[in-house]
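Residues per chain, in single letters:
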Amino acid sequence: MTLTRSAPSAPVLRPPRHRVARRAVAWWSARILTLTAAGAATPALAALIVPATGNPPPVLAAALVWAAAAAGAAGLAAAAVVPLWRFRVHRWEVADTAVYTASGWLWQEWRVAPMSRIQTVDTHRGPLQRLFGLADVVVTTASAAGPISIVGIGAAQAERAAAELTEAARVSEGDAT
Amino acid sequence: MSAHAPVPGADTDSAPDSAPDSDFGSGSGWRRLSPLTVWAWALGLGAVAVPGSAAGTVLVRLGGGSWLWVALIVLGAAAGTALPTAVAALRWSRTRYRISGRRLEIRTGVAAVSYRSVPRERIRSVDVAVPLWMRPLGLCALSIGTAEQAGSGGAQIRLSAVRRDEGERLRARLLLRDPADPAQAPAGSAGDGRSGAGTARELVRLRPVWLGYAPVSAAAPALGAAAVGAAFNVLSLAGRDRADAAVAAVYGQVLDRPLLLLPGVAAALLVGAAAAAAVQAEAWWGYRVDREPDGTLRLQRGLVTTTSLSLEERRLRGVELRRALPQRWFGAARVRAVATGLAAEGGRGDPVPRNALSPDLPHRRALALSAAVVGESESPAAAPLRSHPRAALRRRVVRALAGTAVAAAAGAGLAPAAQWALAQTPAGMRALAEADTATALAAGASAGALAVGPPLAGWAVSAYRGLGHTVLPGYLVTRTGAFVRTTVALRREGIIGWRISRSPFQRRAGLATVTATTAAGPGRFSVPDVALGTGLRLADASVPGLLGRFLVRPAAERFTGVGAAGSGRGAVSAGPPNGR
């Protein structure tokens, strides 16, 4: 997805070197579908229950059915589009002096933090992520502006990246502010 | 709860608080807070309870009540005095602190015992406050800001109360590093060569004239409205019905003669202005900023509650200049510090944010102060800034138009209601109401748009004109804001990362929001809606070597040099590195 408005004189931010794991697409889809199921099931259940409670206005039942259908359709559409889109955007790189990530899909974000300012490195694996053998690496700095996350890479790769980052953070001196 | 705890130690002068300072900083010197706080509680509550119960006794006896009631009142007053005092005493007896080597340790807690140990080098600021009630007792309260606190809010360490001289000693002791202590700040940061011996140097001192800016601050109308509300509350003490009647009478008068509203509003504004001036005077009386010989900035202020904030210069990451709209008209500005461990929240009930370095000052003086604070001859906040591309203005105008459209739609939606309301009014208006619905809708829409459109358009232009950025040797300067225009000069060594974010609309317009993350202040300072290429160059120039290794410079730039390329249109390509 190369944007065409680039003037010849402007510098360009090259994408980070590594893509996230291919399995992340399945994971993102699964996550969206789970949410969709929950979001559509609520009005659908209500549509089943409401008629049993006596004499509801027919508009209400219809509205509930439509709401369930809309939520389901929106979720399915998102599950078809968003994960692939994310996969194309999300990237990461641990260079010798900095960690660099790209994330988002509509709202995209590129983050850089120098190794010398890293304070903590965590790996995080949710239940759904474990199912797909994925992990996140979360790098925090002294800034309150939020950590840098490498989302959805293979678990073994995450371990290696975390070890590398931890070593780099350990070597640097000072309190990294 | 066990019986009253204040007895042991509370009245003995051999309490560690008054012990000589011999083993301070070494081994086992645990110290207590001042026992006077317990006495202050007892005296304060007693001062209310004794006359209260006496008056109660007299009233009950006059009213023919039995002695049982008197006993109950006296018992209640005694319990109301004793219990809080006992809690205060218990808390006092369970609180200890010491400075041992490089750590400040505090044990406290009655039910849940807590122990905190803070490395002294993580202490960033020390706040010494003397509220009115502590003044005759010679006490003060300390609040200590640490590095962890940045952004996380809460977790401030408080020591309340210690003797005044002890507070001063702690302040100096907590901020003064051992000479052997290796500097933790990045190289070239503030404080180099400044922490020698010598005397404090005054940077600025209050001129009472400056308090004259207070009435034109945004606080004045708010305080005026509050005064009106308070007046109504006082009125309703005389009875709900009377208050309602008075309000109805005023309302009737205003309906009859709408011009009466003008002096009324003027009076409310006057009261608000006076209140704002009073608040400002209370907060900033005796204001001065000194550069202490131990490498700290010290701000003192306050009329009733005197406050002294000490800020380690080594932790200063820049300075912020704020100009709110009414102040801008009168040429005023205020200065804030950008420092690690110093969040913007005010203290308890303090109207002044903790990082405030000045009240409203004349702009020129604010610039001079900001320059002095960061130790430069000229304020980085005064540097000429590059404006942002027209696309940024377009975005703001589009937002304003969208806001206007929403207002117009809402107006049109309200038009039938207005039509109905008009139909209820006397004959003259009814003709209006009988106009057909389409006209009413159009009228409503245009009224909504008219009401909201011009201010939003003004906001859009002002917000665009507020945008600016530049890179100075040593500083990244950004300016944002329409109503409150904020210029931040951030030390470039204080930048600990970058974020470049782009919304779909920004990508279409070739813009990006470039954000420098830092450990100081709110943790991030943004350059919104800058041309992508310009923004990337800005980030690269601010922290050489960080973002640069991820930039691909087109061949043209390598020949013409960085500064020459001005179009600034660029793209972040999400394809493979060579896939443009």
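The name recorded for chain B in an unreviewed UniProt entry is Putative membrane protein, from Streptomonospora salina.

For chain A, an unreviewed UniProt entry supplies the name Membrane protein YdbS with pleckstrin-like domain and the organism Streptomonospora salina.

(A) Spotlight on the sheet that holds strand E11 (residues 306-312) of chain B. Residues and elements named next belong to chain B. Taking strand neighbours across the sheet as the criterion, the seven strands line up as E7-E6-E5-E11-E10-E9-E8 in an open arrangement whose pairing is antiparallel. Single-partner strands in this sheet number two, and they are strand E7 (157-163) and strand E8 (201-205). This sheet shows a mean twist of 20° between the axes of neighbouring strands, independent of strand direction. One ladder, built from four bridges, connects E8 with strand E9 (residues 288-291); its direction is antiparallel. Directly across from Arg201, in E9, lies its bridge partner Arg291. The strands that helix H4 (residues 164-175) touches are strand E5 (123-130), strand E6 (139-146), E7, strand E10 (296-301) and E11; relative to E5, the one it contacts most, it runs at about 165°.

(B) Layout of the sheet that holds strand E15 (residues 468-472) of chain B. All names here are of chain B. A sheet is described by the order of its strands in space; here six strands give the open sequence E14-E13-E12-E17-E16-E15, paired in antiparallel fashion. Every other strand in the sheet has two partners, leaving strand E14 (361-362) and E15 as the edge strands with one partner each. Here strand E12 (residues 316-324) runs beside strand E17 (residues 484-491); their pairing, made up of seven bridges, is antiparallel. Each residue of the ladder has a partner; that of Arg322, found in E17, is Thr486.

(C) Structural detail: the packing of aromatic side chains. Residue and element names in this part refer to chain A. All told, the structure shown has four aromatic pairs over all chains when counted by the stated rule. Between the aromatic rings of Trp85 and Trp105, the centroid separation amounts to 5.3 Å while the plane-to-plane angle is 75°, which identifies the pairing as edge-to-face. Of this pair, Trp85 sits in helix H2 (residues 58-89) while Trp105 sits in the loop between strand E4 (98-104) and strand E5 (108-114), and the two are 20 residues apart along the sequence. Since its relative accessible area comes to 25%, Trp105 is described here as partly exposed. A cation sits over an aromatic face here: Arg31 above Trp27, 4.9 Å from the ring centre. Over the ring of Trp28 we find Arg86; its NZ or CZ atom is 5.9 Å from the centre of that ring.

(D) Examining the nonpolar core more closely. Membership of the largest hydrophobic core comes to 35 residues, with the highest contact counts inside it found for Tyr287, Leu316, Leu369 and Val373 of chain B. Within the residue set of this core, elements represented by two or more residues are E8, helix H7 (261-284), E10, E11, E12, strand E13 (332-339), helix H9 (363-374) and strand E16 (475-480) of chain B. When residues of this core are assigned to their parent elements, the largest contribution, five residues, is made by H9 of chain B. Those residues in contact with Val373 of chain B that sit more than four places away from it in its chain are Leu203, Arg291, Leu297, Glu313, Leu316 and Leu357 of chain B. In this structure, Ala95 of chain A together with Ala512, Val527 and Val530 of chain B belong to the second largest nonpolar core, which totals 30 residues.

Each value, and the rule that gives it
- Residues numbered from 1 in each chain as written.
- Chains lettered and ligands numbered in written order.
- Predicted model: local features only at pLDDT ≥ 70, side-chain atom pairs only at ≥ 80, totals over all residues.
- Heavy atoms only, no water.
- Pairing = 2+ DSSP bridges.
- Helix = DSSP H or I, 4+ residues; strand = E, 2+ residues; numbered from the N terminus.
- Axes fitted to C-alpha atoms, helices over the stretch in contact; angles between N-to-C directions.
- Contact = heavy atoms within 4.5 Å.
- Phe/Tyr/Trp six-rings, centres within 6.5 Å; stacked < 30°, edge-to-face > 60°.
- Buried < 20%, exposed > 50% of the residue type's maximum accessible area, 1.4 Å probe, protein only.
- Lys NZ or Arg CZ within 6 Å of the ring centre and 35° of its normal.
- Core = buried A, V, L, I, M, F, W, Y, C linked by side-chain atoms within 4.5 Å.

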